[in-house]
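Chain by chain, the residues run as shown.
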Amino acid sequence: MSGVGGRYILMVLWGREREQAQIDALIAQAREGRSGSLILRGEPGIGKSALLDHAARSAEGMRPLRGTGIETEAELPFAALHLLLHPALDRIGRLPAPQARALEGAFGLATAPEDRFLIGLAALSLLTELAEDGPLLCLVDDAQWMDRSSAEALLFAARRLHSEGIALLFAARDAFHAPGVPELRLEGLDRQAADDLLREHTPGLGPNVRERILAESGGNPLALIELPRMPDSPHHAPEPLPLPRRIQEAYEARITVLPPDSQTMLMVAALDDAGDLDVVVRAAGRLGVDAAALGPAERAGFLSISGGRLSFGHPLMRTAAARRAAYDERLAVHRALAGVLDDEQDADRRAWHLAAAVTGRDEPIAAALEQAAGRARERAGHAAAAAALERAARLTPGLAERARRLALSAEAAADAGALEHAQVLADQARRLGDDPLTLARLAGLRGRIAFDRGAVQEAHRILVDGAAAIAGLDRRGAALLLLDAVRNAWYLSDPAAVAESSAGLAGLPLTPEDGLDGFVRAAHAMADFLAGDLDRALPPFRELIGLAAAIPSGMTALRISICSLAGISGDFDNGLAIAHAAIEECRADGMIGLLPLAQAVLAIHQMYLGRFRDAVTTATEGRRLATDIGQTHRIAHFESVMAMVAAVQGREQDCRELAERTIAHVSAHPVATIVGWAEWALGLLDLGQGRFEAALERFDAAARGPLRHQIMPIYFAPDQIEAAVRLGLPARAAQPLARFESWAAAARHPWADAVLHRCRALLATDDAAAERHWEQAVRSHADANRPYERARTDLLYGEWLRRARRKNESRTRLRSALETFERVGATPWAERARAELRAAGETVAQGAPDLAASLSPQELQVVRLAATGVTNREIAAQLFLSPKTVSHHLYRAFPKLGVTTRTELARLDLG
């Protein structure tokens, strides 16, 4: 709290030594060039604002930025962010172009992209720009009342602070959700500190009264100050009153002793949503109150005036002033405020005040709120749009129009991440109307909500039924619902559900003008794939992959879908190129919401191609971003890829933790495509560690379960075959061999032919046949780009040659395998190759140190980009970091790499 009348902040903060020390350490850290953030959390009046004031006083020489959440502005998108960053708006032009456009759009200065997370990145960049002039202190009070868009942007920035010299402190109640940001919870003062504070502010209290206040305040500093000031001494009440109600009653009691005009002025200020002095005074004038009425309210510590703005001494003062007003008084105040606001400049605020002043249905005001919602969505203010549309629906006279607006509100709520409220709104809309197009729109939303909460079967049925209802009215809308149904059913690994959705698509009279041909062809091919008809499925996949380069910009989602098809068809080289193109497009256009999906398909292709370090680097960045924006399925996706790499590298604990976390996630959210890599990882881990029976059991179980229709049992079939051969159980290799043979014949890739010949060599019953397959495998690998698989073949071939007493030939194969395994970090496989070489009579020297292995995934990303000659600012824009954080990573990486300048990086082998 700031204190009543500005008094408390000038006093000692009794009992807050620990909290002050933590804040002082954060500020000292920022002065040294390191950044940090902290949330001060606690009940109203506990001293959060007073600690922010302490931070401001302690940060002498640092540039301060201060903002606050205002309860009545919670529906105005980016209002709190604008308030905080307003002093820095002249620097927006220095940001990368997509970020500058996003921030200008958020503040209503230009057309904005819809990706609200790009705005968070822009906020980080702008704060970093200010910190170039010296350390920066950002203070945000009442964060629980920030509009959702501002809160998301600032938290996105807070989680990325590193080496900029920025200290960011939030003061918030429990309603403020901020995962990933450190917190400090404020409890009540201990008895001694509470007694000291009470004696300082109210020294003349009798001992009985003092004891009652100490007992009922719970150590809350504001209660200790305010309760003794209540005219009727409520501390003598027979029953204790819970905080903050009793604090609010204390304020209400103090308001009643003000002159009537000052009470009215307080009411207007409390119901205004911007603290604009001119607006408040003019609105009060419409109620017959003169500006002089501000004086008593200011002297009593309720209001302060600075720079043409009004602010309350404490948020509960605003609440108390607004709540004590009678219903008809509130209506009159809202009408007065609407009457003084400009139609164009303040259209949104005016619409909200008009809505608050009306007592029944009113279509013009509802329409004005819908227009306000449209402007909010243009600025990525989805929560604000949802609130405006919901209020508009309540004011709408016609049932059909009311249902339409509720449906729009539900969509906006879902976009804002409020899925439970979106479900409530969608259910209300369904009960009100029977318009097929509105119901279809709701079907898409309900399907999305059901999928996100793990009810994937329910989501599928909702989508299919919704499409059927509008097939004759809106063929494109029906197709979009069915495409979502195909996607959901694919995740379920349900061939019948995919086939049903695909058949529905085939029955629609779609035309090229609908722009869905590529998606529809992919959907039909996916149905064929799950049905086991690989000869029909893979040619359309190849056709789409060939068209990927010609896809125009702006169709990134289609590009990513094609990349996934490349992964299913084994075309990893093209898939890698498509994924890189999709990521570049996401970064260039600021599509942060779509970026984790693009990173997921890139990480998968890097993994398949044996670029394990790259896969972990991509997955680490993607997991961080997916965590920030709440894409829990993507988090599991990245961790399953990381589990696969950990298995290859023999990091058993990491592999098990990552895989088991993924499996646990999928058990609650059944997405078979994600759990496949986790199951494969655990089987591969056992295979690499020589636990062949455990590996075979896991592979067999996975191939019989929901995964049996997916690509993973095809791709892990060679591992399954090797485990069976190692156990001397070739009969258990028959099914996986048939599975891989069928796919390889349809896929027609050299690497698949090579691996197939390796499997046949392992199963050959005579040496001549085995050697023919080994040699064919070697020849096919020469035309492929899968070094890890080639090394696996070399290892097994080398072992076969050594057992045939052809040691010279075996050493050639084993040396090649060892070199590759060491390069990609496949430790258990390298140890096997090394042991085989020793058995073949060769002394094996330890390989050269791997420089890139000494770097963290993010350091490796930064160093690789720096080696290309791009600037720190350009690297920061690509990786969603600040330039100073990039500089910090380079500073840490240079000694590890043995270099002192950026120019030396280009000469290093960084994998």
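Details of the structure are given in the entry above.
This is a predicted model, so every value here is computed, not measured.

Visitor: What am I meant to see in the overall build of the chain here?
Guide: Scanning the chain from terminus to terminus reveals 45 helices and 7 strands. For the chain, whose C-alpha radius of gyration is 33 Å, the value lies close to the compact-globule estimate of 29 Å for 911 residues. Taken along the three principal axes of its C-alpha coordinates, the chain extends 105 × 65 × 55 Å. Look at the contacts in the chain between residues 6 or more apart in sequence, and 68% of them connect residues 24 or more apart. By element, 52% of the accessible surface of the chain is carried by carbon and sulfur atoms, the whole surface being about 35,700 Å². Distance between charge centres in the chain, computed from 104 positive and 117 negative side chains, equals 3 Å.

Visitor: What exactly am I supposed to notice about the side chain of Thr202 here?
Guide: On the secondary structure map, Thr202 appears in the loop between α7 (191-201) and α8 (207-217). For Thr202, a relative accessible area of 17% translates into the label buried.

Visitor: Explain helix α14 (residues 315-323) to me, please; I cannot follow it from the model alone.
Guide: Two residues of an α-helix separated by three or four positions point the same way, owing to the 3.6 residues in each turn. Burial analysis of α14 places 8 of its 9 residues in the buried class, the great majority of the element. Every buried residue of α14 is listed here: Pro315, Leu316, Met317, Arg318, Thr319, Ala320, Ala321 and Ala322. At its buried positions, α14 is contacted by α9 (221-226), α10 (245-255), α11 (260-271), β7 (309-312) and α15 (327-340).

Visitor: Just checking my understanding: could you explain the nonpolar core for this structure?
Guide: Across soluble globular proteins, nonpolar side chains show a tendency to be buried alongside one another. Counting residues in hydrophobic clusters, the biggest one holds 187 residues, and the most contacted among them are Leu81, Phe170, Phe176, Phe529, Phe740, Trp743 and Phe821. Membership of the second largest hydrophobic core comes to 38 residues, among which are Leu222, Leu303, Leu310 and Ala321.

Visitor: Just to check I follow, could you spell out the sheet that holds strand β3 (residues 136-141) for this structure?
Guide: Strand-to-strand pairing in sheets goes through backbone hydrogen bonds, with the strands running parallel or antiparallel. One open sheet holds the 5 strands; their spatial order is β2-β3-β4-β1-β5, and the pairing between them is parallel. The open sheet has two edge strands with one neighbour each: β2 (63-68) and β5 (183-185). Along the sheet, successive strands turn relative to each other by an average axial angle of 15 degrees, direction set aside. Across 5 bridges, the pairing between β3 and strand β4 (residues 166-172) is parallel. Pairing of Leu137 across the sheet is with Ala167, part of β4.

Visitor: Before we go on, may I ask you to explain the side chain of Arg254 in this structure?
Guide: By the secondary structure assignment, Arg254 is in helix α10. The class of Arg254 is buried, set by a relative accessible area of 11%. Looking at Arg254, its side chain comes within polar contact range of the side chain of Glu226, at 2.8 Å.

Visitor: What should I look at first to understand the pairing of β7 in this one?
Guide: In summary, the side chains of a regular strand alternate between the two faces of the sheet. Residues Leu310 and Phe312 of β7 are buried on one face, while the alternating residues Arg309 and Ser311, pointing to the opposite face, are not. Here strand β6 (residues 303-306) runs beside β7; their pairing, made up of 4 bridges, is antiparallel. Residue Ser306 lies in a different strand from β7, and its bridge partner there is Arg309.

Visitor: Hey, could you run me through empty space enclosed by the protein in this one?
Guide: Unfilled space is identified by rolling a water-sized probe across the atoms. This structure, assessed with the given rule, holds 8 cavities of 30 Å³ or more. Every residue lining the largest cavity is counted, 19 residues in all, and those nearest its centre are Trp680, Tyr715, Arg786, Tyr788 and Glu789. Elements supplying a minimum of two residues to the lining of the largest cavity: α29 (595-608), α31 (632-649), α33 (672-688), α36 (717-726), α38 (750-763) and α40 (787-803). Here the residues of the lining of the largest cavity sort into 13 nonpolar, 1 polar and 5 charged.

Visitor: Please clarify how the state of the cysteines should be interpreted in this entry.
Guide: Under the criterion given, the structure shown has 0 disulfides. Between Cys586, a free cysteine, and Cys563, which holds the nearest cysteine sulfur, the sulfur-to-sulfur gap is 11 Å.

Visitor: Is there a simple way to think about the pattern of salt bridges in this case?
Guide: When the charged atoms of two side chains with opposite charge come close together, those side chains can pair. One pass over the structure, following the stated rule, counts 62 salt bridges. Here Glu842 and Arg815 are joined by a salt bridge, their closest N and O atoms 2.4 Å apart. On the criterion of sequence distance, the pair formed by Glu842 in the loop between α42 (827-839) and α43 (857-867) and Arg815 in helix α41 (residues 807-824) is long-range, its members being 27 residues apart. Through salt bridges with shared partners, a single ionic network connects Asp719, Glu722, Arg726, Arg792, Glu799 and Arg832.

Visitor: Looking at this structure, I do not really get helix α23 (residues 475-492). What am I missing?
Guide: In a regular helix each residue adds 1.5 Å, so 18 residues correspond to 26 Å; α23 covers 25 Å between its end C-alpha atoms and thus fits that length. Counted residue by residue, α23 has 13 buried out of 18 residues, so it is predominantly covered. Residue Ser493 follows α23 closely and has a positive phi angle near 60 degrees.

Criteria and thresholds
- Starting afresh in each chain, residues are numbered from 1 along the sequence in its written order.
- Side-chain atom pairs in this predicted model are given and counted only at pLDDT of 80 or more, local residue features only at pLDDT of at least 70, and totals for whole chains, interfaces and linings cover all residues.
- To obtain the side-chain values, all non-hydrogen atoms of the structure were used and water was disregarded.
- The secondary structure listing takes helices from DSSP runs of H or I that are at least 4 residues long and strands from runs of E that are at least 2 residues long, numbered from the N terminus.
- Radius of gyration means the value over C-alpha atoms here, while the globule rule gives 2.2 Å times the residue count to the 0.38 power.
- Whether two residues touch is decided by their heavy atoms; if any such pair falls within 4.5 Å, the residues are in contact.
- With residues, only the protein chains shown are counted as cover, and all accessible areas are computed by Shrake-Rupley using a 1.4 Å probe.
- We treat Lys and Arg as the positive residues and Asp and Glu as the negative residues; His and chain ends play no part in the count.
- Charged side chains are reduced to one point each, which is NZ for Lys, CZ for Arg, CG for Asp and CD for Glu.
- Only protein chains enter the accessibility calculation, which uses a 1.4 Å probe. A residue is then buried if its area is under 20% of the maximum for its type, exposed if over 50%, and partly exposed in between.
- Think of a nonpolar core as a cluster: buried Ala, Val, Leu, Ile, Met, Phe, Trp, Tyr and Cys residues, connected wherever their side-chain atoms sit within 4.5 Å.
- Pairing between strands requires that DSSP locate at least two bridges from one strand to the other.
- Comment: axis = line fitted to C-alpha atoms, over the contacting stretch for helices; angle = value between 0 and 180 degrees taken between N-to-C directions.
- Polar contacts here mean pairs of N or O atoms no more than 3.5 Å apart (in protein, one a potential hydrogen donor and the other a potential acceptor; neighbouring residues in sequence count only if both atoms are side-chain atoms).
- Buried and open spaces are told apart on a 1 Å grid over the protein atoms alone, a cavity being a set of points where a 1.4 Å probe fits but cannot get out and a pocket being an open set with protein on both sides within 12 Å along at least five of seven lines. Residues with an atom within 4 Å of a point are the lining residues.
- Grid points are joined across faces, edges and corners, and a volume is the space filled by probe spheres set on the points.
- Each residue gets one label: Ala, Val, Leu, Ile, Met, Phe, Trp, Tyr, Cys and Pro are nonpolar, Asp, Glu, Lys and Arg are charged, and the others, such as Gly, are polar.
- Counting rule for disulfides: a pair of cysteine sulfur atoms within 2.5 Å.
- Whenever a carboxyl oxygen of Asp or Glu lies within 4 Å of a side-chain nitrogen of Lys or Arg, that contact is scored as a salt bridge.
- Multiplying 1.5 Å by the helix residue count minus one yields the expected span of that helix.

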